[in-house]
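This is what each chain is made of:
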Amino acid sequence: MSEDTAAVPAQIKAPAAKHSSISALLASPAGRNTGLVVALVLLCLGGVVTAGDRFADVDNVLTILRLAAVIGVVSVGMTFVITGGGIDLSVGAIVALSSVWATTLATQGIANDTHWIVIVFTALVVGGACGLVNGALIAYGRVVAFIATLASLAAARGLAEIISNRKTQIVNVPGFTAFFDASVLGVPVLVVIFAVVAVAGWVLLNRTTFGRRTFAVGGNPEAARLAGIDVRRHTVMLYTLLGLCCGLAAVMLIARTTTGSATHGGLYELDAIAAVVIGGTLLTGGRGTIAGTVFGVLIFTTLSNVFTLNNLSISAQAVAKGAIIVVAVLLQQRLARRSGA
């Protein structure tokens, strides 16, 4: 009788242990990334089934990668800010302002007289300066990140409209367009830039003191401060880094469209945050993944491409994106509770 009663708990514990191990696997970085890969593969299969050769065509794949490259660079920077416990709603407006400032007649004139790198430098300076202002307002002005970046969104977009007089500025710098229209081993330069930024971001977040401090600040700012980390200075650095990413994205957008416009970067803040959240970065901070962000960007870009090839409306795309974000956040909360149990 005692042997039977001893066997019952063992039989109960076995499924429970198995269930716990599965939950732990899903909550691990490898498990999350595997799930993202599976989702991307299923999405590609759906594209092949519904759109056939139009989706599987090499030119279409390159189009997806080009579209993913611009928002992908912004999303890498957003990963750092969200991991550090912040948020930035002004990235789209910063991209627009950087694109406009870098394509004014004065800037293009200097670029034609000297070198096209002037356009790149101008966009990076404008983007970095905007990020610096955001970081200073949040860290030293103690303005809530949501409010500070919302104000920056309005100000940057308005300034872009003033500078451009609400007109699209055409780029007429042959060296600039020739460089960014080129390819490396058949891969567009824009995609190569995205890959380099993603790899550099992964190294910075996972293999440097800066990355470790980012996790610490996002996880527990007070504990980070007591550990000797200058939380305010680090916060400014995070937002400046995101601003530089926005400046680089503006350069890539200028190269892709050969224009600078106050309308560039529309809803980039939502797309970037969505990609970061889908990738597994916690909105509350303290955990982030560059690899997951890259997969998140590819998933959303591929989804938009499949919808477009099947003549589905932008409204339907927005509904799908919203549903995916909600599901991703719910899964994050569920896995977080299980891992903490």
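Residue numbers here run from 1 along each chain, matching the order of that chain's written sequence. Totals for whole chains, interfaces and linings use all residues, but because this is a predicted model, local features are given only for residues with pLDDT of at least 70 and pairs of side-chain atoms are given and counted only at 80 or more. Processing note: side-chain calculations cover all non-hydrogen atoms of the structure and skip hydrogens and water entirely.

Caption draft 1: View of the packing of aromatic side chains. Pairing of aromatic rings covers Phe, Tyr and the six-membered ring of Trp, with a centre-to-centre limit of 6.5 Å; geometry is then stacked below 30 degrees between planes, edge-to-face above 60, and tilted otherwise. Applying the stated rule across the entire model yields six aromatic pairs. Judged by centre distance (6.2 Å) and plane angle (70 degrees), the ring pair of Trp116 and Phe176 falls under edge-to-face. Here Trp116 is found in the loop between helix 6 (105–113) and helix 7 (117–139), whereas its partner Phe176 is found in helix 9 (residues 174–181), with 60 residues between them in sequence. Here the aromatic residues Trp116, Phe176, Phe179 and Phe180 are joined through ring pairs into a cluster of three or more. What counts as a helix is a DSSP run of H or I of at least four residues, what counts as a strand is a run of E of at least two, and both are numbered from the N terminus.

Caption draft 2: Fine view of the nonpolar core. Remark: nonpolar core denotes a set of buried residues (Ala, Val, Leu, Ile, Met, Phe, Trp, Tyr, Cys) joined through side-chain atoms within 4.5 Å. With a 1.4 Å probe rolled over the protein chains alone, any residue whose accessible area is under 20% of its type maximum counts as buried; one over 50% counts as exposed, and the rest are partly exposed. Residues Val74, Met78, Val95, Phe176, Phe180 and Tyr268 are the most contacted members of the largest nonpolar core, which totals 79 residues. If one sorts the elements of this core by residue count, helix 13 (residues 231–257) sits on top with 12 residues. In this structure Phe180 touches Trp116, Val120, Val189, Leu190, Ile193, Val251 and Ala255, once residues within four positions along its chain are discounted. Core analysis: the next-biggest nonpolar cluster, separate from the first, contains five residues, Ala51, Ile64, Val306 and Leu309 among them. Any pair of residues with heavy atoms lying within 4.5 Å of one another is described as a contacting pair.

Caption draft 3: Representation of the environment of Tyr239. Tracing the chain through its elements places Tyr239 in helix 13. Through-space distance from the C-alpha of Tyr239 to that of Leu132 is 6.2 Å; in sequence the pair is 107 residues apart. Apart from the residues within four sequence positions on either side, Tyr239 is in contact with Val81, Gly86, Ile87, Asp88, Gly131, Asn134, Gly135, Ile138, Ala145 and Thr149. Whenever two N or O atoms come within 3.5 Å, that pair is a polar contact, provided that in protein one can donate a hydrogen and the other can accept it, and provided that, for residues adjacent in sequence, both atoms are side-chain atoms. From its side chain, Tyr239 meets the backbone oxygen of Ile87 in a polar contact 3.0 Å long.

Caption draft 4: The arrangement of helix 15 (residues 290–309) in detail. Expected span, for any helix, means 1.5 Å times one less than how many residues it has. With 20 residues, helix 15 extends 29 Å between its outermost C-alpha atoms, agreeing within 8% with the 28 Å of an ideal straight helix rising 1.5 Å per residue. Most of helix 15 is tucked away: 17 of the 20 residues are buried. Between a side-chain oxygen at the N-terminus of helix 15 and the backbone nitrogen of Ala291 the separation is 3.5 Å; the capping residue is Thr289.

Caption draft 5: Just the pattern of salt bridges, in detail. By definition, a salt bridge exists where a carboxyl oxygen of Asp or Glu is found within 4 Å of a side-chain nitrogen of Lys or Arg. Tallied over the entire structure, the rule returns two salt bridges. Where Glu161 meets Arg166, a salt bridge forms, and the shortest distance between an N and an O atom there is 3.5 Å. Here Arg225 and Glu222 are joined by a salt bridge, their closest N and O atoms 2.5 Å apart. Of this pair, Arg225 and Glu222 both sit in helix 12 (residues 221–226), three residues apart, roughly one helical turn. On the basis of relative accessibility, which here comes to 46%, the residue Arg225 falls in the partly exposed class.

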